[in-house]
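Listed below are the residues making up each chain.
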Amino acid sequence: MDTEGSRESKEARLARRVATALLAREGAARAWALTLEDAGEGYSLVSMTLTPAMLNGHGTAHGGMIFALADAAFAYACNSRNIATVAQHCSIAFLNPGNAGERLRAEARETAAGGRSGVYSVTVFGEDDRVIATMQGLSRSLGRRVLEER
């Protein structure tokens, strides 16, 4: 019989396996050198370093790059239970610029789930812990697994 602690450990291991598999399948994640820092049930932490190719005309992080980082964290969090899930809706607010060479990190947390939908909050942080952006995401499960069980 599992204790509460061992169930959490099993859930965290599954979440990490799913996130690692999704990351490996994504061309964009590899191209931008996204790093999976942590994953758990309904949670993920992803980081990337801003290169000159990721900047806008003002010399700061392009909004699309910030969104891509937040979206990756959202994806790993909402797929963490090994149920294939996609974004149904996202809204992002850009609050501070990201700078060339800066390592950004996006932390996604599930805030609510019911039926085939889930709500996630993602915060993108700069190296000095300032908030770069916040994103709210609505997910929709597809009714199949991400990974086949062994």
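A few points on the structure. Just so we're clear, the structure is a prediction, and the values are computed from it rather than from any experiment. (Residues numbered from 1 in each chain as written. Predicted model: local features only at pLDDT ≥ 70, side-chain atom pairs only at ≥ 80, totals over all residues. Heavy atoms only, no water.)

The subject of this paragraph is the sheet that holds strand S3 (residues 83–94). One open sheet holds the six strands; their spatial order is S1-S2-S4-S5-S6-S3, and the pairing between them is antiparallel. At either margin of the open sheet sits one strand with a lone partner, and together these are strand S1 (35–40) and S3. Sheet twist, expressed as the mean angle between neighbouring strand axes with direction ignored, is 20°. In the sheet, S1 pairs with strand S2 (residues 43–49) via five bridges, with the strands oriented antiparallel. Each residue of the ladder has a partner; that of Thr35, found in S2, is Ser47. Here helix H3 (residues 63–78) sits on the sheet and contacts S1, S2, S3, strand S4 (103–114), strand S5 (117–125) and strand S6 (131–145); the angle it forms with S2, its principal contact strand, is near 150°. (Pairing = 2+ DSSP bridges. Helix = DSSP H or I, 4+ residues; strand = E, 2+ residues; numbered from the N terminus. Axes fitted to C-alpha atoms, helices over the stretch in contact; angles between N-to-C directions. Contact = heavy atoms within 4.5 Å.)

On to the pattern of salt bridges. One pass over the structure, following the stated rule, counts eight salt bridges. Between Glu110 and Arg81 there is a salt bridge, and its shortest N-O distance comes to 2.9 Å. Of this pair, Glu110 sits in strand S4 while Arg81 sits in the loop between H3 and S3, and the two are 29 residues apart along the sequence. What makes Arg81 partly exposed here is its relative accessible area of 33%. A salt bridge links Arg109 to Glu107, with the nearest nitrogen and oxygen atoms 3.0 Å apart. Residue classification places Arg109 among the partly exposed positions, given a relative accessible area of 45%. (Salt bridge = Lys/Arg side-chain N within 4 Å of Asp/Glu carboxyl O. Buried < 20%, exposed > 50% of the residue type's maximum accessible area, 1.4 Å probe, protein only.)

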